[in-house]
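# Working through the structure, step by step
Chain residues, written in single-letter form:
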Amino acid sequence: ATTLGASAAQSGRYFGTAISGGKLNDSAYTTIANREFNMITAENEMKLDATEPNQGQFNYTNGDRIANWASTNGKRLRGHTLAWHSQQPGWMQNMSGTALRNAMLNHVTQVATHYRGKVYAWDVVNEAFADGGSGARRDSNLQRTGNDWIEAAFRAARAADSGAKLCYNDYNTDDPGHAKTQAVISMVRDFKARGVPIDCVGLQAHFNSGNPVPSNFQTTISTLAGLGVDVQITELDIQGSGSDQANKYRTVVNACLAVARCTGITVWGVRDSDSWRASDTPLLFDGNGNKKAAYTSTLDALNAA
Ligand code: G3I
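Predicted model, so just to flag it, every value in this text is computed and none were measured.

Right, let's get into helix 9 (residues 217–226). Of all the residues in helix 9, the buried ones are F217, T220, I221, L224 and A225. Taken down its axis, helix 9 places every buried residue within 125 degrees of arc, on the same side. Contacts from the buried residues of helix 9 go to helix 8 (179–194), strand 6 (200–203), strand 7 (206–207), strand 8 (230–238), helix 10 (242–257) and strand 9 (262–267). G228, located one to two residues past helix 9, shows a positive phi value of around 100 degrees.

Okay, structure coming up:
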């Protein structure tokens, strides 16, 4: 097949992109996004600060624009994200204890209910583990409400939308030798053993010189899949250019294709100029919308599956 989405679909997978609501009027952007991708994640518009700017007052205007663009164009939606220490609205940032726990659970319930039936998979909890070698939870106002905040969020999400796959999503969890990766694996094993409703793990896969593509990335994916969850590559971007970058994209795509329960790949933006890594060129299209070598290696890998 000749597009990323159609090529991924040949093996029952999807190929997605993050979409920024402010660019839906840019026809060069939407032309590529519509042609190449069949799964959409809102880059910022479904986060806590966007959807509940004042406590108990929900604003779905920008999130709905992206959800509607996806559905109008026949694309599925990944929801991002219901509970996170970052991008909290101001009112939430200074909350703690039971009040924060209840506010978080209400947020999960309300937003998952609003998008019920429209979301293929939710990143229910994002980035809850610490960086470095401790394997510990990240300190945050949510963590300080009690170690069970993650499972409480998953149970609330399941109650609100029983049809969405519920994912835990994190970064620097690609190398099986990293403590953070092992901590996520342990949490998933524990959740499955205790019946906490978790269906998938999102590996963000933001790769750069400090977090290179690990040669054994596939081991992380297969280990998680072996615990009985789907795995999705949720925010892929890779620092670099030319054939070196193309080879790294091929490695990542092949790692997913090698594991039956790796169900899809999302890149974190359309063109290099759309990336959050403004000074870098980590995506599949250049700023003029031209296909890069990394696009070709990705497409070819998908078609070889
Ligand atoms: O919309 C406001 C605008 O009104 C204001 O004038 C401007 C001034 O700073 O800020 C704008 O908001 C920015 C927003 O992106 C929209 O462009 C925020 O400052 C900026 O912090 C925000 O960055 C986003 C970042 O998450 C925030 O944590 C990036 O776009 C987004 O790509 C990035 O995505 C995250 C994933 O959600 C989770 N994993 C890591 C990934 C990369 O950091």
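This part takes up unusual backbone geometry. Between H80 and the following residue, T81, the backbone shows a cis peptide bond with an omega angle of -5 degrees. Among the secondary structure elements, T81 is positioned in strand 3 (residues 76–84). One non-glycine residue, Q87, lies in the positive phi region at around 50 degrees. As for its placement among the helices and strands, Q87 is situated in the loop between strand 3 and helix 5 (90–93). Positive phi, close to 55 degrees, is recorded for N172, a residue that is not glycine.

Turning to the packing of aromatic side chains, a few remarks are in order. As enumerated under the stated definition, the model contains nine aromatic pairs in all. Relative to Y120, the ring of Y14 lies with its centre 5.8 Å away and its plane at 75 degrees, an arrangement referred to as edge-to-face. Here Y120 lies in the loop between helix 6 (97–114) and strand 4 (121–126) and Y14 lies in strand 1 (residues 14–19), a separation of 106 residues in the sequence. Neither residue differs from the other here; Y14 and Y120 are each classed as buried. Aromatic pair F207 and F217: ring centres 5.8 Å apart, planes at 85 degrees, arrangement edge-to-face. Separated by 10 residues along the polypeptide, F207 in strand 7 and F217 in helix 9 bring together distant segments of the chain. With respect to burial, F207 and F217 carry one shared label: buried. Clustering of aromatic rings is evident, with ring pairs tying together F58, Y60, Y115 and W122. If you follow R76 out to its NZ or CZ, it ends over the ring of Y120, 4.6 Å from the centre. Above the plane of the ring of Y171 lies K180, whose end atom (NZ or CZ) is 3.5 Å from the centre.

Conventions adopted
Residues numbered from 1 in each chain as written. Predicted model: local features only at pLDDT ≥ 70, side-chain atom pairs only at ≥ 80, totals over all residues. Heavy atoms only, no water. Buried < 20%, exposed > 50% of the residue type's maximum accessible area, 1.4 Å probe, protein only. Helix = DSSP H or I, 4+ residues; strand = E, 2+ residues; numbered from the N terminus. Arc of directions from axis to C-beta. Contact = heavy atoms within 4.5 Å. Phe/Tyr/Trp six-rings, centres within 6.5 Å; stacked < 30°, edge-to-face > 60°. Lys NZ or Arg CZ within 6 Å of the ring centre and 35° of its normal.

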